[in-house]
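Residue-level structural notes
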Amino acid sequence: MLVPKRAKYRKQQRGMMKGNANRGTTVAFGEFGLMSDGMGWVTARQIEAARKAITHSTQRGGRVWIRIFPDKPITKNRLNQNGIRKGRCIRIRCPIRPGRVLFEMGGVTKEIAHEALRLAGHKLGIKTMIVEKDN
């Protein structure tokens, strides 16, 4: 799974998640891409499940680029803990806005790429759509 090597601060605030993505909105490396159509969080486990679905569907053909990285920790308090202390980090996730390219593929046919990206989109917790590179 994708995990940051180190962080300046162990815990972060949730932050604001409004508006469209302003970076990573075009297909830059491959020929086909999976773009987010909704807003939400994507965990490291979901990214790994989508990557496995793509590689399994293409039978390890072509090339896959992961354009997102989970770097925001999720904290949770212990059971029956009173007070306002912030709990320990239990998971890592990535905030996703509409228009962000999540995965890219290259070196495969259009039909194989569409099927692989469709399967990967089902593994994520947000609405997605398949886009092609503009020439």
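Presented here is an overview of the structure given in this document. A quick note: this is a predicted structure, and the numbers were derived from the prediction, not measured.

**Quick look at unusual backbone geometry**
- Notably, Gln59 is not glycine yet its phi reads approximately 55°, a positive angle.
- Structurally, the position occupied by Gln59 is in the loop between α1 (44-57) and β3 (63-66).
- When its relative accessible area of 70% is taken as the criterion, Gln59 is described as exposed.
- Unusually for a residue other than glycine, Arg60 sits at a positive phi of about 60°.
- The residue Arg60 is located in the loop between α1 and β3 in this model.
- Given the relative accessible area of 77%, Arg60 is considered exposed.

**With respect to the side chain of Ser36**
- Considering the arrangement of structural elements, one finds Ser36 in strand β1 (residues 32-36).
- A relative accessible area of 1% places Ser36 in the buried class.
- Setting aside chain neighbours within four positions, we find Ser36 in contact with Ile96, Arg97, Pro98, Gly99, Arg100, Leu102, Ile126, Lys127 and Thr128.

**Side note on the sheet that holds strand β5 (residues 88-96)**
- With antiparallel pairing, the 3 strands of this open sheet are ordered in space as β2-β5-β4. Every other strand in the sheet has two partners, leaving β2 (40-43) and β4 (72-76) as the edge strands with one partner each. Taken pair by pair, the neighbouring strands of this sheet meet at an average axis angle of 50°, ignoring direction.
- Relative to β5, β2 runs antiparallel, the two being bridged by 4 bridges. If you follow Val42 over to β5, its bridge partner there is Cys94.

About the thresholds
- Residues numbered from 1 in each chain as written.
- Predicted model: local features only at pLDDT ≥ 70, side-chain atom pairs only at ≥ 80, totals over all residues.
- Heavy atoms only, no water.
- Helix = DSSP H or I, 4+ residues; strand = E, 2+ residues; numbered from the N terminus.
- Buried < 20%, exposed > 50% of the residue type's maximum accessible area, 1.4 Å probe, protein only.
- Contact = heavy atoms within 4.5 Å.
- Pairing = 2+ DSSP bridges.
- Axes fitted to C-alpha atoms, helices over the stretch in contact; angles between N-to-C directions.

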